[in-house]
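Observations on the model geometry
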2 protein chains.
Amino acid sequence: MKSVKDTVLVVGSVAFDDLEMPSGVFNDVLGGAATYSSIAASLLTPIRLVGVVGDDFPEAHLEALRHRGVDTAGVERAKGKTFRWRGRYSEDLMSRETLDTQLNVFADFRPKIPAAYRASSFVLLGNIHPKLQLDVLTQVERPKLVIADTMNFWISGEAKALAEVLKKVDLLVINDEEARQLSGVHNLVKAAREIRARGPKQIIIKRGEYGALLFDDVGTFFVPGYPLEEVLDPTGAGDSFAGGLVGYLASHGDASPGALRRAMFFAASLASFCVEGIGPRRLLTAQRQDLRQRLDGFSQMVDYGGTLHFAD
Amino acid sequence: MKSVKDTVLVVGSVAFDDLEMPSGVFNDVLGGAATYSSIAASLLTPIRLVGVVGDDFPEAHLEALRHRGVDTAGVERAKGKTFRWRGRYSEDLMSRETLDTQLNVFADFRPKIPAAYRASSFVLLGNIHPKLQLDVLTQVERPKLVIADTMNFWISGEAKALAEVLKKVDLLVINDEEARQLSGVHNLVKAAREIRARGPKQIIIKRGEYGALLFDDVGTFFVPGYPLEEVLDPTGAGDSFAGGLVGYLASHGDASPGALRRAMFFAASLASFCVEGIGPRRLLTAQRQDLRQRLDGFSQMVDYGGTLHFAD
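Residues numbered from 1 in each chain as written. Chains lettered and ligands numbered in written order. Predicted model: local features only at pLDDT ≥ 70, side-chain atom pairs only at ≥ 80, totals over all residues. Heavy atoms only, no water.

Let us look at the overall build of chain A. Helices and strands together make up the secondary structure of chain A, namely 11 helices and 13 strands. A compact globule built from 312 residues should have a C-alpha radius of gyration of about 20 Å, and chain A, at 18 Å, falls within 12% of that. Its C-alpha atoms give chain A principal-axis dimensions of roughly 75 × 45 × 40 Å. In chain A, which comprises 312 residues, the proportion classed as buried is 58%. Accessible surface, chain A as shown: approximately 12100 Å² in total, 50% of it carbon and sulfur. Of the charged side chains in chain A, 36 are positive and 39 negative; the average position of the first set lies 6 Å away from that of the second. (Helix = DSSP H or I, 4+ residues; strand = E, 2+ residues; numbered from the N terminus. Rg over C-alpha atoms; globule rule 2.2 N^0.38 Å. Buried < 20%, exposed > 50% of the residue type's maximum accessible area, 1.4 Å probe, protein only. Areas by Shrake-Rupley, 256 points an atom, 1.4 Å probe, with all protein chains shown as cover. Lys, Arg positive; Asp, Glu negative; His and termini not counted. Charge placed at Lys NZ, Arg CZ, Asp CG, Glu CD.)

Here it is as structure tokens:
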């Protein structure tokens, strides 16, 4: 890459996933939200990753990340086992069930942002304990944009800490069920307004294969899910989406409403690669020309070539 | 309206609906697929409606349709009761259960296209028996575009007649479950390809609040559902969508791929009015300036203001 306008810090989980899919059972798959986000974003800009792995984590996985342009110097190697999640997906991949969660070294994860990372201008806070998200924000120096994710577990159990996080976040990226739970409102337009009143000026609500909605001061924006012929594994799609967002914005050094809208197409494209392979397999092999093709497909999907006017 | 380039014929059901909604029970609501399609389309162009009602059907309902620019001369008044459907919606309006269906005069409906309607250049075949759809097509003279809907009942019970319909239809407009059932394929990209191989060059797959996907020779196009703060009643939304399509295309005298893409925004806008009121209440009061506003909202939702390019 010729130049890097802005630097990206990604903090979150690195894991092993055991995936029981309709297409088979896949054990010891490279996983974790920060992993997916980093791989997706790294197609657009260099990434600094902060996370923790156990002594069972193959160096080859870290090497694969570095090969994509992910700086793994911030990935701590702790004594013990790596975070492991086991899940089973339904036949149509529309729902999943957690069979087992072993936090292992992730239970004691206290993100330490290396000195060289503290001036990162774009920060993506993966779905970790809101207190840890707050702690990360005390360690970084005036980032241009803070993006955060969260989940049902923190919404119900750590409402107070999460409320503090929301005050410090520019862009919240969550799914529709999380938006409903967080706001206490079923309707997503109202839910978005309620959540924005608590801090984040911008919120993106992800709806899986149906796409994602952005609500900001300019209005509402929508990007569809890319219509794929074959979906193998939705794991990490939302994290890849968030990675695509931060990667695009940082690579352009632009967090304007227009850039955020364009970023959503990169995000959706990267999420679409993610679901085409088991784990991050397809995401890891995606090249810029693949992304270019998918972006062209998206352009075709939304360009209506003219104005919307009445005949008379 | 200054000029009418093309004429529209809508054939299908006119009914009474009894609606058990989370917001209350509403009896004797004006309903029927052709009713919704006609009302929606009539905001864009004059409509010729062919259907049947019983002697219990208030003249005031027909007058309301005429007031919107719907020619009701093709609505036959038969001895007996009007078609009646009773349904109950779930709390989140995402599913519904049919409690009762009384076909009444609709059971013997044999569409007779008045001589004055036979040269209609745009034909919308509502969800009626495929044999009746075929019969309508023998009565019209070389229409420019034939749009058709169908449903699970005909897909499973009248496969042969439906296959004949598909050969004569230019644009099929069905929902995702119908597309899966008709094709026997779960994946919608594959389902669309399979169905297009059977006749209709163009297919639009409706996904309710999530939007609609068009597949044609140019590629794939997507229009989102309009994000509303309040949804009262989804009844007729899909029919309003189909009405918006045919109304736009006929008013512009243009059935090109570009026009079809723009038509989808008009269709989605009219569907969004439909769900804002019980029955066709909101749809009946919607004015062109309301539609203009919603179209502007749609433009804002999809216009990303530039090209999708890499930073370097």
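Here the narrative resumes, following the displayed structure.
Moving on, we come to the nonpolar core. For soluble globular proteins, nonpolar side chains are generally found buried alongside one another. By size, the foremost hydrophobic cluster in this structure holds 206 residues, and its most contacted members are Ile-204, Phe-241 and Leu-245 of chain A together with Ile-204, Phe-241 and Leu-245 of chain B. Apart from residues lying up to four places away in sequence, Leu-245 of chain A is in contact with Leu-171, Val-173, Ile-204, Leu-260, Ala-263, Met-264 and Ala-267 of chain A. (Core = buried A, V, L, I, M, F, W, Y, C linked by side-chain atoms within 4.5 Å. Contact = heavy atoms within 4.5 Å.)

Now for the interface of chain A and chain B. Interfaces are frequently sized by the accessible area removed from exposure as the parts join. Opposite the 50 residues of chain A that make contact, chain B presents 50 residues. Of the roughly 4700 Å² buried between chain A and chain B on both sides combined, carbon and sulfur atoms contribute 55%. Of all residues in chain A, Tyr-304, Leu-308 and Phe-310 of chain A give up the largest surface area on contact with chain B, accounting jointly for 18% of the area buried on that side. Where chain A packs against chain B, one counts 4 salt bridges. (Buried area = accessible area lost by both parts, 1.4 Å probe. Salt bridge = Lys/Arg side-chain N within 4 Å of Asp/Glu carboxyl O.)

Here Asp-296 of chain A is to be found in helix H11 (residues 288-302). Sequence separation of Asp-296 of chain A and Leu-99 of chain A is 197 residues, and the distance between their C-alpha atoms is 39 Å.

Moving on, we get to the pattern of salt bridges. Residues and elements named next belong to chain B. Taken as a whole and assessed by the stated rule, the structure comprises 46 salt bridges over all chains. A salt bridge links Arg-66 to Glu-63, with the nearest nitrogen and oxygen atoms 3.2 Å apart. Pair noted here: Arg-66 and Glu-63 are both in helix H2 (residues 59-67), with a separation of 3 residues, about one helical turn. Take Arg-66: its relative accessible area is 32%, and that puts it in the partly exposed class. Between Asp-290 and Arg-282 there is a salt bridge; the shortest N-O distance is 3.7 Å.

This paragraph deals with the packing of helix H3 (residues 130-139) of chain A against helix H5 (residues 159-168) of chain A. Residues and elements named next belong to chain A. Running from amino to carboxyl end, H3 crosses H5 at an angle of 35°, the nearest separation of the two axes being 8 Å. Where H3 crosses over H5, the two elements pack in a sense that is left-handed. Of the residues in H5, those in contact with Pro-130, Lys-131, Gln-133, Leu-134 and Leu-137 of H3 are Ala-161, Leu-162, Glu-164, Val-165 and Lys-168. Looking at the contact of H3 with H5, its residues break down into 6 nonpolar, 1 polar and 3 charged. (Axes fitted to C-alpha atoms, helices over the stretch in contact; angles between N-to-C directions. Left-handed = near helix turned anticlockwise from the far one by under 90°. Nonpolar A, V, L, I, M, F, W, Y, C, P; charged D, E, K, R; others polar.)

Once that is clear, we can look at the sheet that holds strand E4 (residues 47-53) of chain B. All names here are of chain B. Read from one edge to the other, the open sheet built from 9 strands follows the order E5-E4-E1-E8-E9-E10-E11-E12-E13, with strand pairing classed as mixed. Edge positions in the sheet fall to strand E5 (70-77) and strand E13 (220-223), since each of these pairs with one other strand and no more. Recorded for the sheet is a direction-independent mean angle of 15° between the axes of neighbouring strands. Two strands pair when backbone bridges link them, and strand E9 (residues 145-148) and strand E10 (residues 171-175) are joined in this way by 2 bridges, in the parallel orientation. (Pairing = 2+ DSSP bridges.)

Let us look at the sheet that holds strand E13 (residues 220-223) of chain A. Residues and elements named next belong to chain A. The strand order E5-E4-E1-E8-E9-E10-E11-E12-E13 describes an open sheet built from 9 strands, whose pairing is mixed. The open sheet has two free edges, formed respectively by strand E5 (70-77) and E13, since each of these has just one partner strand. Strand-to-strand twist in this sheet, taken as the mean axis angle between neighbours without regard to direction, amounts to 15°. Summarising the sheet, strand E1 (residues 8-11) and strand E4 (residues 47-53) pair through 4 bridges and their orientation is parallel.

In terms of residue burial, helix H1 (residues 33-41) of chain A counts as a mostly covered element, since 9 of its 9 residues are buried. Among all positions of H1 of chain A, only Ala-33, Ala-34, Thr-35, Tyr-36, Ser-37, Ser-38, Ile-39, Ala-40 and Ala-41 of chain A are buried.

Let us look at the packing of aromatic side chains. The geometry of an aromatic ring pair is captured by the separation of the ring centres together with the interplanar angle, meaning the angle of the planes. A complete count under the given rule lists 22 aromatic pairs over all chains for this structure. For the pair Phe-221 of chain A and Phe-265 of chain A, a centre-to-centre distance of 6.0 Å together with 80° between the ring planes defines the contact as edge-to-face. Pair noted here: Phe-221 of chain A is in strand E13 and Phe-265 of chain A is in helix H9 (residues 257-275), with a separation of 44 residues, a long-range link. A single burial state applies to Phe-221 of chain A and to Phe-265 of chain A, both of which are buried. Seen in terms of ring centroids, Phe-222 of chain A and Phe-222 of chain B are 5.7 Å apart; in terms of plane orientation they differ by 15°. Their pairing is stacked. Of the two residues, Phe-222 of chain A is situated in strand E13 and Phe-222 of chain B in strand E13; the pairing between them involves two chains. Exposure class is identical for Phe-222 of chain A and Phe-222 of chain B. Each is buried. Ring-pair connections join several aromatic residues into one group, and the members of that group are Phe-221, Tyr-226, Phe-265 and Phe-298 of chain A together with Tyr-304 of chain B. Against the face of Tyr-226 of chain A rests Arg-294 of chain A, its NZ or CZ located 4.9 Å from the ring centre. (Phe/Tyr/Trp six-rings, centres within 6.5 Å; stacked < 30°, edge-to-face > 60°. Lys NZ or Arg CZ within 6 Å of the ring centre and 35° of its normal.)

Bringing the relation of the copies chain A and chain B into the picture now. For the pair chain A and chain B, the superposition axis carries a translation of 0.0 Å, the fit reaches an RMSD of 0.0 Å, and the rotation angle comes to 180°. What the rotation and shift describe, once combined, is the action of a two-fold rotation axis. With an isologous cut-off of 70% or more, the 100% of interface residues of chain A that recur at the interface of chain B puts this contact in the isologous class. (Least-squares fit on C-alpha atoms with pLDDT ≥ 70 in both.)

Turning our attention to helix H7 (residues 188-196) of chain B. Residue and element names in this part refer to chain B. Among all positions in H7, only Leu-188, Val-189, Ala-191, Ala-192 and Ile-195 are buried. Along the axis of H7, the buried residues cluster in a sector spanning 165°; they form a single face. Considering only its buried residues, H7 is in contact with E10, helix H6 (176-183), strand E11 (202-206) and strand E12 (212-215). For H7, the N-terminal capping position is held by Asn-187, with its side-chain oxygen 3.0 Å away from the main-chain nitrogen of Val-189. (Arc of directions from axis to C-beta. Polar contact = N/O pair within 3.5 Å; in protein donor to acceptor, adjacent residues only side chain to side chain.)

The predicted coordinates of low-pLDDT regions are not to be read in fine detail. Summary statistics for chain A give a mean pLDDT of 96 and a share of 98% for residues scoring 70 or more. On the interface metric, ipTM, the complex scores 0.92, and its pTM is 0.95. (pLDDT = per-residue confidence, 0-100.)

Moving on: the environment of Gly-253 of chain A. Within the secondary structure, Gly-253 of chain A sits in the loop between helix H8 (237-252) and H9. In this structure, the C-alpha to C-alpha distance between Gly-253 of chain A and Lys-144 of chain A, residues 109 residues apart in sequence, is 9.3 Å.

A packed helix pair is summarised by two numbers, namely the angle formed by the two axes and the spacing between the axes. Residue and element names in this part refer to chain B. One way to put it is that helix H8 (residues 237-252) packs onto helix H9 (residues 257-275) with a least axis distance of 7 Å and a crossing angle of 140°. One element, H8, and the other, H9, form an angle in the oblique class. Between H8 and H9 lies a crossing whose hand is right-handed. Side by side, H8 and H9 meet where Ala-237, Ser-240, Phe-241, Gly-244, Leu-245, Tyr-248 and Leu-249 of the first sit next to Ala-259, Leu-260, Arg-262, Ala-263, Met-264, Phe-266, Ala-267, Ala-268, Leu-270, Ala-271, Cys-274 and Val-275 of the second. Among the residues forming the contact of H8 with H9, the class breakdown is 16 nonpolar, 2 polar and 1 charged. (Parallel < 35°, antiparallel > 145°, perpendicular 65-115°, else oblique.)

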